[in-house]
Amino acid sequence: MRLNDIQSKTIHSLLDKYENSKTFLGENRVNQKFSRHINELFPRYQDDAEYDFFCDVNEALEELQKTELIIIQYQRAGIIKSVELNLPKLKRCYEFVNRESRKEEHDWILEVMGQFQECAVLNNYFDAQKVKISKNQKVEYFDGKKQEFLDLLTLVKLICTNEEEQFIRDFSVRHFSDSKRVETLAGKAQALMYQYGEYQDRESVLEECGIVKTPTYICLKGDGKMTLGGQMIDLSKLNGDVALSTASLKELDKIEILGDCVVTVENLTSFHDYNGAEDFVIYLGGFHNTTKRKFLICLYEQNREKKYMHFGDIDAGGFYIYEHLKSKTGIPFRTLHMDVETLKKHSSQTKTLTQTDKRRIESLLKKLDDKHKESMTDEDYRDVLQYMLENNCKLEQEALYGEYL
């Protein structure tokens, strides 16, 4: 028998109710019945204007009852009140809708997890899903399609371990033999990585990890010189900035900082407005990606004696970017204009914190407490975080225009 949409929906709904019960877990000492009221399943059923639909439901469910998968309870002759799962035919119910039980799915997922242990983001995700499995809850990002789930986990691992900038279609062909497969999975992959990793913006996770649609450009200006393809460019003699593509950066031979300080700037407007004549300024654009990280490391290796400062928003995102910058490059950055004094001075331009802001600030405080126990060398900016929480405020760096820029 081939089930129609009404029959399939009915059985799936009854199985869902069964799988969310104590009986499914083996914890119930009394016999349970699993039924759905007809209005729960089909709200249009008792609408007088939907007579044809009423007839379709009756015909479909009465046909299904003949298979002994369900039991119909009638309100009165010809009018269905509810449908009940026929537990003695439980195995056949799963077979009829080609569905595995949640326990079988959970066992398979736990087995799959062992194949992806090298990825920190996935490990965070797996830890959370193991808790859900222990509570008989649905696993996030799994909709019953096993190959889709395997492809998703594979993609997340590939993105996390990617070290070279690649165009998204080339990346997709290389790893999935399909130029559009990564784009199909990108939404789920970015959502998972944003939820269980440390990324500033969900929509740009792939770009941050070097999977791009167009080449990355690094904007530079200030007191420095660089040798590119055998030609020396003196940035200190330019009034504006220059932008180097990924391809151009491969020909970078040498970079020399003439001033005392290298400054990374989070936002593009602030980068263009920044007027530190003796500084070497780099537009970071939020979290740095693979290309920007390699450039920063190359710059630092040739100019270790300089000061390295990061100028960003005074909010949770700004400090996450700052921590990400230090941890991924190994460069001893310090913050610039990201202190309590700046918050107080520009209090009229601050914004209130969202619940997400508060949660992320509290997470940063915990991380700083843990780091403080291990080392005294890192910058301690807990006073700024605590001030933001106590005064319910944050500040975008554009608010400082005219004073430091």
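Here, the structure is the one placed above.
Rules and cut-offs
- Residues numbered from 1 in each chain as written.
- Predicted model: local features only at pLDDT ≥ 70, side-chain atom pairs only at ≥ 80, totals over all residues.
- Heavy atoms only, no water.
- Core = buried A, V, L, I, M, F, W, Y, C linked by side-chain atoms within 4.5 Å.
- Buried < 20%, exposed > 50% of the residue type's maximum accessible area, 1.4 Å probe, protein only.
- Helix = DSSP H or I, 4+ residues; strand = E, 2+ residues; numbered from the N terminus.
- Phe/Tyr/Trp six-rings, centres within 6.5 Å; stacked < 30°, edge-to-face > 60°.
- Lys NZ or Arg CZ within 6 Å of the ring centre and 35° of its normal.
- Contact = heavy atoms within 4.5 Å.
- Pairing = 2+ DSSP bridges.
- Right-handed = clockwise from strand over helix to strand, strands pointing away.

1. A closer look at the nonpolar core
Leu220, Phe280, Ile282, Phe295, Leu299, Phe319 and Leu385 are the most contacted members of the largest nonpolar core, which totals 57 residues. When residues in this core are grouped by element, the largest group, six residues, is from helix 15 (residues 316–329). Leu122, Leu153, Val156 and Ile211 belong to the second largest nonpolar core, which has 35 residues in total.

2. Looking at the packing of aromatic side chains
Under the definition given, this model contains 17 aromatic pairs. Ring centres of Tyr18 and Phe24 lie 5.4 Å apart, and the angle between their planes is 85°; this geometry places the pair in the edge-to-face category. A single burial state applies to Tyr18 and to Phe24, both of which are buried. A centroid spacing of 6.0 Å and a plane angle of 45° characterise the contact between Phe271 and Tyr283, whose relative ring orientation is tilted. A residue pair is termed long-range when its members are at least 10 positions apart, and Phe271 in helix 13 (residues 268–273) and Tyr283 in strand 12 (residues 279–283) qualify at twelve residues. We note that Phe271, like Tyr283, is buried. Connected via pairs of aromatic rings, a cluster forms that spans Tyr125, Phe126, Tyr141 and Tyr196. Above the face of the Phe271 ring, Lys221 is positioned so that its terminal group lies 5.1 Å from the ring centre.

3. Looking at unusual backbone geometry
For Asn98, which is not a glycine, the phi torsion comes out positive at approximately 50°. Positionally, Asn98 belongs in the loop between helix 5 (90–96) and helix 6 (102–113). Although it is not a glycine, Tyr141 adopts a positive phi angle of roughly 65°. Mapping Tyr141 onto the fold places it in the loop between helix 7 (120–134) and helix 8 (146–161).

4. Some details on the environment of Ile80
When you line up the elements, Ile80 lands in strand 3 (residues 79–85). Spatially, the C-alpha atom of Ile80 lies 9.1 Å from that of Val57, the residues being 23 residues apart in sequence. For Ile80, the residues in contact, after removing those within four places along its chain, are Ile38, Tyr45, Asn58, Leu61, Ile72, Gln73, Tyr74 and Gln75.

5. Points about the environment of Leu299
Looking at the secondary structure, you find Leu299 in helix 14 (residues 290–302). As for Leu299 and Lys254, which are separated by 45 residues in sequence, their C-alpha atoms are 8.3 Å apart. Leave out the neighbours within four places in its chain, and Leu299 touches Ile255, Ile257, Val262, Phe280, Ile282 and Tyr308.

6. Concerning the pairing of strand 13 (residues 307–311)
Most of strand 13 sits inside the fold, with four of its five residues counted as buried. Examined bridge by bridge, strand 11 (residues 261–265) and strand 13 share five bridges and lie parallel to one another. Pairing of Val265 across the sheet is with Phe311, part of strand 13. Alignment of strand 13 against strand 14 (residues 334–335), held across two bridges, turns out to be parallel. The residue of strand 14 that forms the bridge with His310 is Thr335. Between the parallel elements strand 13 and strand 14, the chain passes through helix 15 in a crossover that is right-handed.

Function cannot be inferred from these measures alone, as they are strictly geometric.
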